[in-house]
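Remarks on the overall topology
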Amino acid sequence: MNQQMTRRQALQSVATAGASALVAQRVGLSQGAGLRIAGQLVEIAVTAAGPQTARITAQAIENNQPQPIPSDGALAREDWGPPVLRLRTLTVPRTVKCGELTVKLSGEPLTIRVEGKGGRLVQELKTDPTSGNLSFQMDDAPVLGLGQGGPQFDRRGGADRMVSGQGGYQLRTNGARVPIQFVIGTSGWAMFVHYPLGAFDLTGKEGRIQPANPAAALPLDIFVIGANDPQSVMGEYAKLTGYPEMAPLWSFGYQQSHRTLGPPEEILREAKIFREKKMPCDAMIYLGTDFCPNGWNTHNGEFTWNTKAFPDPPRGIRDLHADNFKVVLHIVVEGHHFYGAVKDACTAPPQPTGRTPDNHWPDDRQVSCYWPAHKPLLDLGVDGWWPDQGDGFDAPSRLARNRMYFEGTQMYRPNERVYALHRNGYAGMQRYASFLWSGDVQSTWETLKTHIPVAINTGLSGIPYWGTDIGGFVPTQEYTGELFARWFQFATFNTLFRSHGRDWRLHLPWGWTKGEIGYDEVPSYHPDPKDLDNPAIEPICKQYLELRYQLMPYLYSAVKETCETGMPVIRALWLHYPDDAAAVLRGDEYLYGRDLLVAPVVEKGATSRSLYLPRGAWYDFWTHERMEGGREITRKVDLATIPLYVRAGAILPLDPVKQYTEEKVEGPLTLWVHPGANGAFSLYEDDGKTFNYRKGEFMRIQMTWNDAQRRLQLRLAAGSRMMGAAKRNIVVRVAGGSAARELVFAGKALDVKL
């Protein structure tokens, strides 16, 4: 029966309709055809993930509800606040302010344009409504990032399947692939493509992301970064996937890896040789059996000691600890899915840690069921882990494995930092202090050359702790003492400093002096007997071992900066010289921290090395000769020398030589001041072992150099305190001069005229 509306009811009806229309306009629920990606109706949302970062999502609609974006662990947090815009239809173009950015959306095809201040184009994304392929803009500037491995240096011109593992892309020279879908345009944009996972085709004027199939095109979850400043780009990415965690100090010392082991007394004897020869070393790493005939355990994947190598494991570990070596063990697991966390209840059926009786690896593992197998090793005093293999795991599983070693070790040692050297990972692995190495590469000059840009792009992808098998894993006929020495020099300026490979005795610092391969693992490798006794190699290795330990205050301070800012230790020149076109293009040299420029020698028989010095004055590290930058130079080299340059204005701290990072030695800290520009340095120190720095137990000495006044100032940073000795003996030297000033710093500010 019809009823006549009262005036109040009529007004309420009009108000309700108006409010509904307003909501419909804001959420995009107006009449018309819905937005589609890969044939699926979707809801688009725009969220300000930061002042300079816009999050663009597209979620499939089922039962009139947007389907959730899966949590794979990559993001530092899941909630980025409410969207500034949500829509399901797009009948007219829309514009919305998103932090400091502006996002414009238009249809057919769905196009999302992100602009910065003044209408500067940051990025323009277009989606294919059928295939789900996503295109984005590229220009004439290099494109960097995208993880470890793959085509180098500038990613433009390459098509990359972004397949993880050693089968990903040209393992021989480029190393294992660890794809991180963080892509950087050096002209002033960056994107973290959280979803979809897919191939990156950068062969055209536009980049293209191609999901495996239309069903994999959704959800779409992309963070577009519009920062112009490279350091802000790295900071924005760190906010998205997390800042790196501090690793133990000893993990930045030299680590010696082994393969086929001899009898127990030989294992301990080899460690003592390091101390007798005064070759600095912090860790001994032992491979598992099956990848070699005689490793630390009975079989890969098993946690039972091999008594032929370690008949008395507690005593063996005690003896190594007595000589101040950390002990790291190789751990293998295969499968497809690793799920959960160490603190979960174990609900899965019992499984072996290795292969099943029918010689298969279980496909699925629950972290909380697998992790307890590590506890007996920790109880014995094992200091770190080498989690190998795992190429078959999907991205969330790779990250779950990284997380497992970080959180699991702290279950049993709650205030001890964690060391784990992984072969696989994913975005966010830096939150777990994960180290990464480039896999089973071959011993060639081309491999060494290619690993310079690999190192740079890995660091730009948020992975600060990285290195290689010094000398290459698989020996070829190119593997000589010269190649080993050049690789050793390069690794001195990685964050991971570790030697490993087949015919492993040739991966010892003195291996090319003794003239023996040891257990022959590569029958096709036949080195010249004359080269096996090359007396020049051992002194060079010792020189760079000592240099690494002298530079430890500089390196450790750079590591702390990484953990606070997201800036890598191995830095593309672009990070500090974005307006220097020649510097941006260089992938064959890099900055180690802010102040050291490293140009590894990668050619056989080289007597010189060409390199580019960015604008400003620079000092030759070896000779202290000053020269002006903004130009290409050629530096003469011998086998013991690689070009190293220090930026004018830099204050470079050098320690006395130590045999291991925790050694207490007599001698002052030397500060080398490099005139020619104002400069500053923040010297950071903590106990190197625990998380007590989170409670304020650290020392930070702020140093500033006023070039015009030739004045050096030292002061204790607010919130920090003196560590170790209450007073620090310091010698200040000026590059290019002979005078030295001796100081005692006890926490009170010092002002020194030089």
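What comes next is a walk through the structure. The shown structure was predicted, so the numbers you read here are calculated from the model rather than taken from an experiment.

Now for unusual backbone geometry. With omega at -10°, the peptide bond leading from Q152 into F153 counts as cis. Inspection of the secondary structure puts F153 in the loop between strand 11 (143-148) and strand 12 (159-160). Backbone torsion omega between L218 and P219 reads 0°, so that peptide bond is classified as cis. Take P219: it is sitting in the loop between strand 16 (206-211) and strand 17 (220-225). For A38, which is not glycine, the phi dihedral falls at a positive 55°. With respect to the secondary-structure elements, A38 resides in the loop between strand 1 (36-37) and strand 2 (40-50).

Next up on the list: the state of the cysteines. Under the definition given, this model contains one disulfide. The disulfide partner of C346 is C369, and the S-S distance across this bridge is 2.0 Å. The sign of the 110° torsion about the S-S bond sets the C346-C369 disulfide as right-handed. Here C346, found in the loop between strand 21 (337-339) and strand 22 (364-366), pairs with C369, found in helix 6 (residues 367-370); they are 23 residues apart in sequence, far enough to count as distant. When its relative accessible area of 28% is taken as the criterion, C369 is described as partly exposed. In this structure C281 is not part of a disulfide, and its nearest cysteine sulfur, from C541, lies 12 Å away. Judged by relative accessible area, which is 0%, C541 ranks as buried.

In a soluble, globular protein the nonpolar side chains are often hidden away together inside. Core analysis: the largest hydrophobic core is formed by 179 residues, its most contacted members being Y286, F493 and Y592. Ignoring anything within four residues of it in the chain, the contact list for Y592 reads T492, F493, N494, T495, R548, Y554, L555, V569, I570 and V598. V42, L85, L218 and I222 belong to the second-largest nonpolar core, a separate cluster that totals 41 residues.

Turning our attention to the sheet that holds strand 9 (residues 121-127). Remark on secondary structure: sheet strands pair via backbone hydrogen bonds, oriented parallel or antiparallel. Read across the open sheet, the eight strands follow the order 6-7-8-9-10-16-15-12; overall the sheet is antiparallel. Edge strands, defined here as strands with exactly one partner in the open sheet, are strand 6 (94-98) and strand 12. Note that strand 9 and strand 10 (residues 134-137) share three bridges and pair antiparallel. The partner of T127 across the bridge, within strand 10, is L134.

What counts, and at which threshold
- Residues numbered from 1 in each chain as written.
- Predicted model: local features only at pLDDT ≥ 70, side-chain atom pairs only at ≥ 80, totals over all residues.
- Heavy atoms only, no water.
- Helix = DSSP H or I, 4+ residues; strand = E, 2+ residues; numbered from the N terminus.
- Disulfide = S-S within 2.5 Å.
- Buried < 20%, exposed > 50% of the residue type's maximum accessible area, 1.4 Å probe, protein only.
- Core = buried A, V, L, I, M, F, W, Y, C linked by side-chain atoms within 4.5 Å.
- Contact = heavy atoms within 4.5 Å.
- Pairing = 2+ DSSP bridges.

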